[in-house]
Amino acid sequence: MKDSTRIIINIVIGLIVLALAIFIAIRLINNKKGVKPQAEKSVASVYVEQVENTNIPIIIPAHGNLAAVNKVELYAEVQGVFLNSSKTFKTGQAYRKGDLLLGIDAGEYQASLVAQKSALQALITSSISDLKFDYPEAYPNWLEYLDSFDLNKTLAPLPEALSKQESFYIAGKNIITTYYNIKNMEERLQKYSMRAGFDGVLTEALVNPGTLVRTGQKLGEYIDPSVYELEVSLGKTYADLLEIGKEVNLHNAEQTSTWVGKVARINSKVDPSTQSVLVYIRVSGNMLKEGMYLEANIEAREEPMAIEISRSLISDKNEIMMVEDEQLNMKEVTPVYFGDKTVVIKGLPDGTVMLSKPVMGAYEGMAVKIIED
């Protein structure tokens, strides 16, 4: 009897302990599932600036290579051996106006020219006696011409005919034809000597003394290093706003040297594929060289009531972020000109508070706190 009572008591105690354990476990679980504290709403810190519209100059960057305004490519118009030059015919050699650039052996040709002059002299001599009797008034002029005839000098103009009959007679003797053939040969003789038409520098030399020069052969290149032109391509919209004589700031690629040029010419033809126009900027200065790469900053016009901001602040939909009541709002603007790093926009009233630096993950309605900078 006592054993069964003890068993019952142990069972009851076990049930009580089990129930107590279950109760405690449920309380612990409920405590863990308690209401979590609400996270504070994050507020981004932003940099801002107030809009102040003003006149913004539209600066268009352009680039190109310099080319000398006065540049001559030297080609041979006659054949012969390159004899000499007034200076060493080498690249970089400077010449003064009128200096002999290149002389070609003209001995054989000059002998042919003298022979033709001699033939003309013989024609006039054979006709002088007839002129004395048939055209006595013209005889003194032709006699004087014959007396001053020099085979080694440039042919002087023929005496002017005093009558049609005299003119016909001279033409019939083949004197006029022979005269103009000689004048043509004299002109060609000058092509055996090339002289500098201006002070300049030889930038290319393709022959040496003693070389046989052939007709049409390129001999070199000669430039005036004092004045250059920079050819740049601009969009038609802004090229139309440029004026001849407008000053343009130029600099080299390293931006270590600057020059001031002027718009010299504007091509009236528009490239159909790019809708651009070629503009030529004339510039002079030290350290400028043929073929040198330069960059230009061309002020095309001034845009009134506009501001210039970083391109990172405008969206693909032409919207910018502004701050109102401590939150971000989108505002649509009108882009006027896109540069490499900045954009000129219109459409923001003065005093508008806008972001001055982009914010990662920004969205409309986002709460922000302005950083006083």
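Visitor: Help me out: how do you make sense of the environment of Ile182 in this one?
Guide: With respect to the helices and strands, the residue Ile182 is situated in helix α5 (residues 175–189). Of the residues examined, Ile182 reaches a relative accessible area of 0% and is grouped as buried. When the C-alpha atoms of Ile182 and Val69 are compared, they prove to be 36 Å apart, with 113 residues separating the residues in sequence. When sequence neighbours within four positions are dropped, the list of residues in contact with Ile182 reads Leu113, Gln116, Lys117, Leu120 and Leu155.

Visitor: Please clarify how the side chain of Glu186 should be interpreted in this entry.
Guide: Positionally, Glu186 belongs in helix α5. Discounting residues that sit within four places of it in the chain, Glu186 has contacts with Leu113, Lys117, Lys153, Thr154 and Leu155.

Visitor: Help me understand the sheet that holds strand β8 (residues 193–195), please; the structure alone is not making it clear to me.
Guide: Two pairing modes exist for strands in a sheet, parallel and antiparallel, and in both the strands are linked by backbone hydrogen bonds. Here four strands make up an open sheet; going across it, the order is β8-β7-β5-β10 and the pairing antiparallel. In this open sheet, the two edge strands, each paired with only one partner strand, are β8 and β10 (212–213). When strand β5 (residues 80–84) meets β10, the two strands line up antiparallel, connected through two bridges. Residue Gly80 lies in a different strand from β10, and its bridge partner there is Val213.

Visitor: Looking at this structure, I do not really get a nonpolar patch on the surface. What am I missing?
Guide: Together, Leu20, Phe23, Ile24 and Leu28 line one region of the surface with nonpolar side chains, adding up to about 410 Å² of accessible area. Inspection of the secondary structure puts Leu28 in helix α1 (residues 2–32).

Visitor: Can you help me understand unusual backbone geometry in this one?
Guide: If a residue is not glycine, its phi is most likely negative; likewise, a peptide bond is most likely trans. In this model, Met287 sits at a positive phi of 70°, which is unusual for a non-glycine residue. Of note, Met287 is situated in the loop between β15 (276–283) and β16 (293–310). At Asp325, a residue that is not glycine, the phi angle is positive and equals roughly 50°. Topologically, Asp325 is positioned in the loop between β17 (319–324) and β18 (327–332).

Visitor: Any chance you could explain the packing of helix α2 (residues 107–134) against α5 here in plain terms?
Guide: Packed helices, taken two at a time, are described by the angle their axes make and the gap between the axes. Packing of α2 against α5 leaves a shortest axis separation of 10 Å and a crossing angle of 160°. Relative to α5, α2 is oriented roughly antiparallel. Crossing of α2 against α5: the hand is left-handed. Contacts between α2 and α5 pair Tyr109, Gln110, Ser112, Leu113, Gln116, Lys117, Leu120, Leu123, Ile124 and Ser127 from the former with Ile175, Thr178, Tyr179, Ile182, Met185, Glu186, Arg188 and Leu189 from the latter.

Visitor: So what exactly am I meant to see when it comes to the nonpolar core here?
Guide: Within soluble globular proteins, side chains that are nonpolar tend to cluster in buried spots. One finds Phe89, Leu101, Leu102, Leu120, Trp142 and Leu219 to be the most contacted residues of the largest nonpolar core, which totals 39 residues. Residue assignment for this core shows that the elements contributing at least two residues are β7 (100–104), α2, α3 (139–147), α4 (164–172), α5 and β11 (218–223). For Leu101, the residues in contact, after removing those within four places along its chain, are Leu74, Asn84, Ser85, Phe89, Tyr95, Met194, Arg195, Ala196 and Tyr222. Within the second largest apolar cluster, 32 residues are counted, among which are Ile223, Val232, Val277 and Ala306.

Visitor: It is not clear to me how α3 should be interpreted in this structure. Could you clarify?
Guide: Residues spaced three or four apart along an α-helix point in a common direction, a consequence of the helix completing one turn every 3.6 residues. Among the residues of α3, those classed as buried are Trp142, Tyr145 and Leu146. Taken end-on, α3 shows its buried residues confined to a sector of 100°, consistent with a single buried face. Opposite the packed face of α3, turned more than 90 degrees from it, sit the exposed residues Glu144 and Asp147.

Visitor: Any chance you could explain the sheet that holds β11 here in plain terms?
Guide: Spatial ordering of the open sheet is given by β4-β11-β9-β6, a layout of four strands whose pairing is antiparallel. Only two strands of the sheet have a single partner each, and these edge strands are β4 (71–75) and β6 (94–95). In this sheet, β11 lies alongside strand β9 (residues 200–205) in antiparallel orientation, the contact comprising four bridges. Within β11, the residue paired with Val201 across the bridge is Ile223.

Visitor: I keep staring at the pairing of β9 and nothing clicks. Help me out?
Guide: The side chains of a regular strand alternate, residue by residue, between the two faces of the sheet. Here β6 pairs with β9 via two bridges, running antiparallel. Residue Tyr95 lies in a different strand from β9, and its bridge partner there is Gly200.

Visitor: For this particular structure, what's the right way to read the pattern of salt bridges?
Guide: When the charged atoms of two side chains lie near each other, side chains of opposite charge can form a pair. What the rule picks out here adds up to ten salt bridges. A salt bridge links Arg96 to Asp199; the nearest nitrogen and oxygen atoms lie 3.4 Å apart. Taken together, the residues span a long stretch of sequence, with Arg96 in the loop between β6 and β7 and Asp199 in the loop between β8 and β9 at a distance of 103 residues. Here Arg96 falls in the exposed class, since its relative accessible area comes to 53%. Among the salt bridges present, the one from Lys117 reaches Glu186, with a minimum N-O distance of 3.3 Å. Of the two residues, Lys117 is situated in helix α2 and Glu186 in helix α5; the sequence distance between them amounts to 69 residues. Like Glu186, Lys117 is buried.

Visitor: What should I look at first to understand the side chain of Ser127 in this one?
Guide: Along the polypeptide, Ser127 turns up in helix α2. Reaching out from Ser127, the side chain makes a polar contact with the backbone oxygen of Leu123 at a distance of 2.9 Å. In this view, Ser127 contacts Tyr169, Lys173 and Ile175; residues no more than four positions away in its chain are not counted.

Rules and cut-offs
- Residues numbered from 1 in each chain as written.
- Predicted model: local features only at pLDDT ≥ 70, side-chain atom pairs only at ≥ 80, totals over all residues.
- Heavy atoms only, no water.
- Helix = DSSP H or I, 4+ residues; strand = E, 2+ residues; numbered from the N terminus.
- Buried < 20%, exposed > 50% of the residue type's maximum accessible area, 1.4 Å probe, protein only.
- Contact = heavy atoms within 4.5 Å.
- Pairing = 2+ DSSP bridges.
- Patch = residues over 30% accessible without salt bridge, like charges linked within 9 Å, V, L, I, M, F, W, Y side chains within 5 Å.
- Areas by Shrake-Rupley, 256 points an atom, 1.4 Å probe, with all protein chains shown as cover.
- Salt bridge = Lys/Arg side-chain N within 4 Å of Asp/Glu carboxyl O.
- Axes fitted to C-alpha atoms, helices over the stretch in contact; angles between N-to-C directions.
- Parallel < 35°, antiparallel > 145°, perpendicular 65-115°, else oblique.
- Left-handed = near helix turned anticlockwise from the far one by under 90°.
- Core = buried A, V, L, I, M, F, W, Y, C linked by side-chain atoms within 4.5 Å.
- Arc of directions from axis to C-beta.
- Polar contact = N/O pair within 3.5 Å; in protein donor to acceptor, adjacent residues only side chain to side chain.

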